[in-house]
Amino acid sequence: MILSAESQKTIDAYLATLRKQLRVLRPEDADDIVEEIHAHILDKSAGVTAEGIVGTTLAALGTPDELAARYRTDELLKRAQVTRSPVVSLFSLARWATLSLIGLLAFVVSLAGYAMGGCWLSSACSS
Amino acid sequence: MKEAPIPSADNSEKWEVQLRKGSLELAILAALWDGRLYGLEILRELESKSDLIVVEGTVYPLLNRLRALALVESEWVESDSGHPRKYYRLTPAGRQRALEMTRIWAKFSARMNNLLTHLNEETQTVPEEGKEPV
């Protein structure tokens, strides 16, 4: 399969942005993800002569920032599950909150929870 | 943040999206039941066999998460296409999880269908708005 120089450039730019946005992950994990997405794009455009197949494929993946955000959210939730650290949990909830309304609600509720917990710990609320 | 009230048509569409989204994890595990597949094969399998709206930008991060949870494992395999492909297969934990989810799904949908019996009869007598009765 031969991609036009322009298509090649579009793909390279997409993957470069994706890699940059994944820098919070372990380097080997980020490389692995970029490699997989690259293979996906090549497979989708294989044998397709139609102009614009690369554009359609990239659109289906979302922008590199959106795609990276989904990987990062999963990564943070995963870390929260493993560590159960309240700080990491809160941080990942904050990320989730930026992505969905339900997440935002969960974030606000948990913030209130943290505040109440803090209050209780410091006995400031007890009379 | 100011939001306009959501019209009910949009709302029901949203519900459908959430429903499909929630089913995706089980659908992926089910697609891998018979053996290893790479990402695009999983996508095609789901598209042809399920009613799911399969968004590529959602499936790949989800595969990554399933791998992090050790429900699937992956390996790079050389291919004739000129580039290697990342194949996924179920781990023993993944097979167990798939069965567990299937049990939950079956029980849930059976009870839900039970609850919906009367409504189901209604939908067969009352045609959908704008559509001719079948």
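Quick note: structure is the one above.
A brief structural summary. (Residues numbered from 1 in each chain as written. Chains lettered and ligands numbered in written order. Predicted model: local features only at pLDDT ≥ 70, side-chain atom pairs only at ≥ 80, totals over all residues. Heavy atoms only, no water.)

**Notes on the overall build of chain B**
Point 1. The helix and strand tally for chain B stands at four helices and three strands.
Point 2. Starting at the N terminus, the α and β elements of chain B follow one another as α-β-α-α-β-β-α.
Point 3. A buried classification covers 31% of the 134 residues belonging to chain B.
Point 4. A separation threshold of at least 6 residues defines the contact pool for chain B, and within that pool the share at least 24 residues apart is 51%.
Point 5. If you sum the accessible surface of chain B, you get close to 9500 Å²; carbon and sulfur atoms cover 54% of it. (Helix = DSSP H or I, 4+ residues; strand = E, 2+ residues; numbered from the N terminus. Buried < 20%, exposed > 50% of the residue type's maximum accessible area, 1.4 Å probe, protein only. Contact = heavy atoms within 4.5 Å. Areas by Shrake-Rupley, 256 points an atom, 1.4 Å probe, with all protein chains shown as cover.)

**Some words on the interface of chain A and chain B**
By convention, interface size is frequently given as the accessible area that disappears when the constituent parts associate.
Point 1. Facing 21 residues of chain A, the contacting portion of chain B comprises 24 residues.
Point 2. Summed over both partners, the interface of chain A with chain B buries about 1900 Å², with 56% contributed by carbon and sulfur atoms.
Point 3. Among the salt bridges present, the one from B:Glu56 reaches A:Lys44, with a minimum N-O distance of 2.9 Å.
Point 4. Inspection of the chain A/chain B interface yields ten residue pairs in polar contact (both at pLDDT 80 or more).
Point 5. Of all the secondary structure elements, the ones that give two or more residues to the side of chain A that touches chain B are α2 (27–45), α3 (53–61) and α4 (64–83) of chain A.
Point 6. The element that contributes the greatest number of residues to the side of chain A that touches chain B is α2(A), accounting for eleven residues. (Buried area = accessible area lost by both parts, 1.4 Å probe. Salt bridge = Lys/Arg side-chain N within 4 Å of Asp/Glu carboxyl O. Polar contact = N/O pair within 3.5 Å; in protein donor to acceptor, adjacent residues only side chain to side chain.)

**So, the packing of aromatic side chains**
Residues and elements named next belong to chain B.
Point 1. Following the criterion strictly, the structure yields one aromatic pair over all chains and no others.
Point 2. Measuring from centroid to centroid gives 5.3 Å for Tyr38 and Tyr87, while their planes differ by 75°, and the two rings are edge-to-face. In this pair, Tyr38 sits in strand β1 (residues 37–38) while Tyr87 sits in strand β3 (residues 85–90), placing the two residues 49 residues apart along the sequence. Comparing Tyr38 with Tyr87, the two get one shared label, buried.
Point 3. The ring of Trp33 has Arg95 lying over it, and the distance from NZ or CZ to the ring centre is 4.1 Å. (Phe/Tyr/Trp six-rings, centres within 6.5 Å; stacked < 30°, edge-to-face > 60°. Lys NZ or Arg CZ within 6 Å of the ring centre and 35° of its normal.)

**Some details on the pairing of β3(B)**
All names here are of chain B.
Point 1. The element β3 is largely enclosed, with a buried count of five among its six residues.
Point 2. In this structure, β1 lies alongside β3, joined through two bridges in antiparallel fashion. Paired with Tyr38 across the bridge in β3 is Tyr87.
Point 3. Pairing analysis gives six bridges linking strand β2 (residues 72–77) to β3, with the strands arranged antiparallel. Its bridge partner being in β3, Glu75 is matched across the sheet by Tyr87. (Pairing = 2+ DSSP bridges.)

**Points about unusual backbone geometry**
All names here are of chain B.
Point 1. Here Ala70, not a glycine, exhibits a phi torsion of approximately 65°, which is positive.
Point 2. For Ala70, the position within the fold is in the loop between α3 (56–68) and β2.
Point 3. On the basis of relative accessible area, Ala70 is assigned to the partly exposed category, the value being 40%.

**A look at the environment of B:Tyr38**
Point 1. According to the relative accessible area criterion, B:Tyr38 is buried, its value standing at 11%.
Point 2. A C-alpha to C-alpha distance of 4.1 Å links B:Tyr38 and B:Tyr87, two positions 49 residues apart in sequence.
Point 3. If near-sequence neighbours (up to four positions away) are discounted, B:Tyr38 is found in contact with A:Asp43, B:Arg85, B:Lys86 and B:Tyr87.

**Overview of the packing of helix α2 (residues 39–49) of chain B against α3(B)**
Residues and elements named next belong to chain B.
Point 1. Where α2 contacts α3, the two axes come as close as 11 Å, and the packing angle between them is 120°. Here α2 is positioned oblique relative to α3, judged by the angle of their axes. Our pair here, α2 against α3, has a crossing hand that is right-handed. For the pair formed by α2 and α3, the contact residues are Gly39, Leu40, Ile42 and Leu43 on the first element and Glu56, Val59, Tyr60 and Leu63 on the second.
Point 2. Here the residues of the contact of α2 with α3 sort into six nonpolar, one polar and one charged. (Axes fitted to C-alpha atoms, helices over the stretch in contact; angles between N-to-C directions. Parallel < 35°, antiparallel > 145°, perpendicular 65-115°, else oblique. Left-handed = near helix turned anticlockwise from the far one by under 90°. Nonpolar A, V, L, I, M, F, W, Y, C, P; charged D, E, K, R; others polar.)

Just distances and angles here, no functional claims.
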